[in-house]
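# Working through the structure, step by step
Listed here are the chains, written in short residue letters.
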Amino acid sequence: MDLSEYYEYFESTYNISIFALCLTLFVVIFIGVRSLRDKKETMRKKILNLSLLLLVLASILTYFMTGPYLAKKDIEQNTIYCYEGNFEIIHISQGIYSKATFRFENQEITLKYSANEDLIELGKYDGKLVYAQHLAQVVDLEIFNTQDE
């Protein structure tokens, strides 16, 4: 199966995220320098401003490291896989990320999935599963039919 469309999508997502990261870094530095040079602000307000800016930068970096960076790792190491055949969804959890545990070929793998993915329910299925290993995310899921027990 040709997985190039998924690699291209991940590459474009990574490029956009690099732009957003650079823009964030520029804005944080710009506002930080302006805040430090402002003679009307008290030292306490300057420290508060810098703390908030660092918090914004840290949250953006954390999001980058848990998303686009891992997608880039999947691109570089060619770890977007496609499994076609019988599989079972044995566990589903809802939280910050919706996750499902898939069992196929004597292995279990837990993957994040989009919350609006209505195909993911407990049971045995025959279908196609495309997932990114490092990102641990379902990229595409097609269910051909449900297997009755």
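What you see as residue numbers is a count from 1 along each chain, following the sequence as written. Residue-level local features of this predicted model are given only where pLDDT is at least 70; pairs of side-chain atoms are given and counted only at 80 or more, and the full residue set underlies all totals for whole chains, interfaces and linings. Here the side-chain values reflect all heavy atoms present in the structure, with hydrogen atoms and water set aside.

Below, the discussion takes up the pairing of strand S5 (residues 137-147). Pairing of strand S4 (residues 123-132) with S5 involves nine bridges; the strand directions are antiparallel. The residue of S5 that forms the bridge with Gly127 is Ile143. In this description, strands pair whenever DSSP reports at least two bridges between them. Secondary structure is summarised from DSSP: a helix means a run of H or I of at least four residues, a strand means a run of E of at least two, and numbering begins at the N terminus for each. The hairpin turn running from S4 into S5, its antiparallel successor, is four residues long, and Ala136 in that turn takes a positive phi close to 55 degrees.

On to the packing of helix H2 (residues 43-66) against helix H3 (residues 68-76). Lines fitted to C-alpha atoms define the axes, with helix axes restricted to the stretch in contact, and inter-axis angles between N-to-C directions lie between 0 and 180 degrees. For the pair H2 and H3, interaxial distance at closest approach is 3 Å and the crossing angle is 25 degrees. As the angle between them shows, H2 and H3 are arranged roughly parallel. Residues Tyr63, Phe64, Met65 and Thr66 of H2 pack against Pro68, Tyr69 and Leu70 of H3. Its residues assigned to classes, the contact of H2 with H3 shows six nonpolar, one polar and no charged. Here the angle decides the label: under 35 degrees means roughly parallel, over 145 means roughly antiparallel, 65 to 115 means roughly perpendicular, and every other value means oblique. Contacts are assigned to residue pairs that have any heavy atoms within 4.5 Å of one another. Each residue is assigned to one of three groups, with Ala, Val, Leu, Ile, Met, Phe, Trp, Tyr, Cys and Pro labelled nonpolar, Asp, Glu, Lys and Arg labelled charged, and all others, Gly among them, labelled polar.

Between side chains of opposite charge, a pair can form as their charged atoms come close. By definition, a salt bridge exists where a carboxyl oxygen of Asp or Glu is found within 4 Å of a side-chain nitrogen of Lys or Arg. What the rule picks out here adds up to four salt bridges. One salt bridge connects Glu11 with Lys72, and the closest N-O pair in it is separated by 3.5 Å. Note that Glu11 is positioned in helix H1 (residues 4-37) and Lys72 in helix H3, a separation of 61 residues in sequence. Classification of Lys72 by relative accessible area gives buried; the value is 18%. Among the ionic pairs, Arg103 bridges to Glu88, the shortest N-O distance being 3.5 Å. Here the residue Arg103 occupies a position in strand S2 (residues 98-104), and Glu88 occupies one in strand S1 (residues 80-93), the gap between them amounting to 15 residues. If you follow the salt bridges from partner to partner, you end up with Glu88, Arg103 and Glu108 in one network. Each residue is placed in one exposure class: buried if its accessible area under a 1.4 Å probe, protein chains only, is under 20% of its type's maximum, exposed if it is over 50%, and partly exposed if it falls in between.

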